[in-house]
Protein chains: 2
Amino acid sequence: MNVAVLGTGPVGQAIANRFVASGHAVRMGGRSLENERAQGGAAAHGPQASTADFAGAASFADLVVNCTSGTVSLDALRQAGEDNLANKILIDVANPLTSGGEATALSVCNTDSLAEQIQRAFPQTRVVKALNTMNNAVMGDPDRVPGDHNVFVCGNDDAAKSDVVELLRSFGWPAENIIDLGDITAARGTEMYLILWVRLCSILGTADFNIKIVQGDRALKNAGSRR
Amino acid sequence: MNVAVLGTGPVGQAIANRFVASGHAVRMGGRSLENERAQGGAAAHGPQASTADFAGAASFADLVVNCTSGTVSLDALRQAGEDNLANKILIDVANPLTSGGEATALSVCNTDSLAEQIQRAFPQTRVVKALNTMNNAVMGDPDRVPGDHNVFVCGNDDAAKSDVVELLRSFGWPAENIIDLGDITAARGTEMYLILWVRLCSILGTADFNIKIVQGDRALKNAGSRR
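Residues numbered from 1 in each chain as written. Chains lettered and ligands numbered in written order. Predicted model: local features only at pLDDT ≥ 70, side-chain atom pairs only at ≥ 80, totals over all residues. Heavy atoms only, no water.

A.B. asks: Just to check I follow, could you spell out the side chain of Lys 88 of chain A for this structure?
C.D. replies: Residues and elements named next belong to chain A. Along the chain, Lys 88 turns up in the loop between α5 (82-85) and β5 (89-92). It turns out Lys 88 is buried and unbridged, and the closest side chain with the opposite charge, Asp 62, is 6.6 Å from it. Residues in contact with Lys 88, not counting those within four places in the same chain, are Ala 58, Ser 59, Ala 61, Asp 62, Val 64, Gln 124, Thr 125 and Arg 126. (Helix = DSSP H or I, 4+ residues; strand = E, 2+ residues; numbered from the N terminus. Buried < 20%, exposed > 50% of the residue type's maximum accessible area, 1.4 Å probe, protein only. Lys, Arg positive; Asp, Glu negative; His and termini not counted. Salt bridge = Lys/Arg side-chain N within 4 Å of Asp/Glu carboxyl O. Contact = heavy atoms within 4.5 Å.)

Next comes the structure, spelled out in structure tokens:
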């Protein structure tokens, strides 16, 4: 599969490496063709990886992954081009964090979310929010955190979500640890969780963690009967 | 210890029952002395429990637990009276949820939190945010959800937090599952997590769950060396 990874920071690098390791052709997209980080990253990824601007990466791809900073994602995706994103699955990994440390806040939350903004701006694109609740090192290597822990997906297109679930399984996520939260409005919850996540990073002194939803026996039975 | 439980809904009832079961004297506080739910609840709690208005409950107590609806907590605490709350530990269990279901949102979040609002409005009170990240049935009965899972505390007064940690241990929370998130601004994270929690309730078909922070081996080592 041809994959566009938009965003050339640490998240984009980690995701691009993961897709290359799985045998996909990856084109990393940056703000310009001359983006040095993208070129440096692509060099590390070998012959299966290339670089382009946002539009060049998106036009190449069957699947697009938004790894840009959440506060500039809409602008980056406009540069990628509505036509280049139409009818494609876009995995939105970004969080609209405005700053780091104690002053961390979100540029959109509560009654809206970045993923919803993207879905509204690109109605032909099949947006699936996923992987935004953990460090980039854990996204494609869940065994880095031992035992069971969860990854969330949400979106309005059930077929797109199924494809993303398969991708997550190929990344090493057991099916039972992938939780479908429903439609794209659930991204409010997974993005807002980041404020707790950032504090936990600071308190634990590491980003090498994830959350596990632990259910009571009765709860497990209830959930099973609803699925 | 004399405990005031402010708020006579399901959370207040559950917390009041838990304190009575631990041998504390509990006075439930409602909006008025005639509050029927408070009286009904108190009747169920036996001779160790009584009812009053917010001020009557707060003046009776060594420890105050805010179990009112988060959107009306500041008003309820003003009725309880600044003098009646001064120099006392106040455990803030509330969340500023404006509505239920898909339209759930918070009346304050991101750059502020209910717990911070309470601490600012009552600077003499030792506010500790705790237990707001789970269903009321789990708060005082962590074994209801099997295995390890976490409860968070935060606040500006370390001695108050230590007392609350001891209380949580008396409720059955193992020390290693109680995470001190730091100062009261960490309440932004635990309150904002509620949006994900509400969605999980809906998807799982139950409130009988909690989250566990799962760390990598390296992470555990790092965290240990920082404590």
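A.B. asks: For this particular structure, what's the right way to read the pattern of salt bridges?
C.D. replies: It is possible for side chains of opposite charge to pair when their charged atoms get near one another. Applying the stated rule across the entire model yields 20 salt bridges over all chains. Put simply, Glu 191 of chain A and Lys 129 of chain A hold a salt bridge, and the shortest N to O gap is 2.7 Å. Here Glu 191 of chain A is found in helix α9 (residues 187-204), whereas its partner Lys 129 of chain A is found in strand β6 (residues 126-130), with 62 residues between them in sequence. There is no split in this pair, since Glu 191 of chain A and Lys 129 of chain A are both buried. Across the pair Asp 158 of chain B and Lys 161 of chain B runs a salt bridge whose closest N-O atoms are separated by 3.7 Å.

A.B. asks: Help me out: how do you make sense of the packing of aromatic side chains in this one?
C.D. replies: A ring pair, where both rings are aromatic, is described by two values, the distance of the centres and the angle of the planes. Residues and elements named next belong to chain A. For the coordinates displayed, the defined rule picks out four aromatic pairs over all chains. Judged by centre distance (5.2 Å) and plane angle (75°), the rings of Phe 19 and Phe 171 are edge-to-face. Of the two residues, Phe 19 sits in helix α1 (residues 10-21) while Phe 171 sits in the loop between α8 (158-170) and β8 (178-180), which places them 152 residues apart along the sequence. An identical accessibility class is assigned to Phe 19 and Phe 171; each is buried. The positively charged end of Arg 27 is found above the aromatic ring belonging to Phe 60, 4.1 Å away from the centroid. (Phe/Tyr/Trp six-rings, centres within 6.5 Å; stacked < 30°, edge-to-face > 60°. Lys NZ or Arg CZ within 6 Å of the ring centre and 35° of its normal.)

A.B. asks: In this structure, what is going on with empty space enclosed by the protein? I would like to understand it.
C.D. replies: Here the idea is plain: a probe the size of a water molecule rolls over the atoms and shows the empty space left. This structure, assessed with the given rule, holds two cavities of 30 Å³ or more. What the largest cavity holds in volume is close to 70 Å³. Surrounding the largest cavity, Ile 15, Phe 19, Val 65, Ile 91, Val 93, Ala 130, Leu 131, Val 164, Leu 167, Leu 168 and Phe 171 of chain A form its lining. Taken together, the elements giving at least two residues each to the lining of the largest cavity come down to α1 and α8 of chain A. The element that contributes the greatest number of residues to the lining of the largest cavity is α8 of chain A, accounting for three residues. For the lining of the largest cavity, a count of residues per class yields eleven nonpolar, no polar and no charged. Of the volumes computed, that of the second largest cavity is approximately 40 Å³. Ile 15, Phe 19, Val 65, Ile 91, Val 93, Leu 131, Val 164, Leu 167, Leu 168 and Phe 171 of chain B together form the lining of the second largest cavity. Take the lining of the second largest cavity: its biggest share by element is three residues, from helix α8 (residues 158-170) of chain B. (1 Å grid on protein atoms, 1.4 Å probe; cavity = no way out; pocket = protein on both sides within 12 Å on 5 of 7 lines; lining within 4 Å. Points joined across faces, edges and corners; volume = space filled by probe spheres on them. Nonpolar A, V, L, I, M, F, W, Y, C, P; charged D, E, K, R; others polar.)

A.B. asks: Help me out: how do you make sense of the environment of Asp 163 of chain B in this one?
C.D. replies: Mapped onto the fold, Asp 163 of chain B is located in helix α8. Taking the C-alpha atoms as reference, Asp 163 of chain B lies 9.8 Å from Val 128 of chain B; in sequence the two are 35 residues apart.

A.B. asks: I would appreciate a short explanation of the nonpolar core in the present structure.
C.D. replies: General note: in soluble globular proteins, nonpolar side chains tend to be found buried as a group. Tyr 193 and Leu 200 of chain A together with Tyr 193 and Leu 200 of chain B are the most contacted members of the largest nonpolar core, which totals 80 residues. Those residues in contact with Leu 200 of chain A that sit more than four places away from it in its chain are Gly 205 and Phe 209 of chain A together with Phe 152, Ile 179, Leu 181 and Ile 213 of chain B. (Core = buried A, V, L, I, M, F, W, Y, C linked by side-chain atoms within 4.5 Å.)

A.B. asks: Even after reading the chapter, I still don't get the environment of Val 145 of chain B, so can you show me in this structure?
C.D. replies: Tracing the backbone through its elements, the reader meets Val 145 of chain B in the loop between α7 (136-139) and β7 (151-155). Taking the C-alpha atoms as reference points, Val 145 of chain B and Phe 209 of chain B, separated by 64 residues in sequence, lie 6.1 Å from one another. What Val 145 of chain B contacts, discounting residues up to four positions off in sequence, is Val 214, Gln 215 and Gly 216 of chain A together with Val 138, Asp 208, Phe 209 and Asn 210 of chain B.

A.B. asks: I tried to follow the relation of the copies chain A and chain B on my own but got confused; where do I start?
C.D. replies: Comparison of the two chain copies shows a relationship of rotation about an axis with a shift along it. Superposing chain A onto chain B takes a rotation of 180° plus a shift of 0.0 Å along the axis, which leaves an RMSD of 0.0 Å. Such a turn and shift between the copies fits a two-fold axis. (Least-squares fit on C-alpha atoms with pLDDT ≥ 70 in both.)

A.B. asks: Explain the interface of chain A and chain B here, please?
C.D. replies: By a frequent convention, interface size equals the accessible area lost on bringing the separate parts together. With 50 residues of chain A at the contact, the number on the chain B side is 50 residues. Approximately 3,900 Å² of surface area, both sides summed, lies buried where chain A meets chain B, with 61% of it carried by carbon and sulfur atoms. Its largest share of buried area at the contact with chain B, chain A owes to Leu 196, Leu 204 and Val 214 of chain A, together 15% of the area lost on that side. Scanning the region where chain A abuts chain B turns up two salt bridges. In this structure, Asp 183 of chain B and Arg 199 of chain A form a salt bridge, with 3.2 Å as the shortest nitrogen-oxygen distance. Within the residue set of the side of chain A that touches chain B, elements represented by two or more residues are β8, α9, β9 (209-215) and α10 (217-226) of chain A. Class assignment for the residues of the side of chain A that touches chain B results in 22 nonpolar, 15 polar and 13 charged. (Buried area = accessible area lost by both parts, 1.4 Å probe.)

Keep in mind these numbers describe shape, not what the thing actually does.
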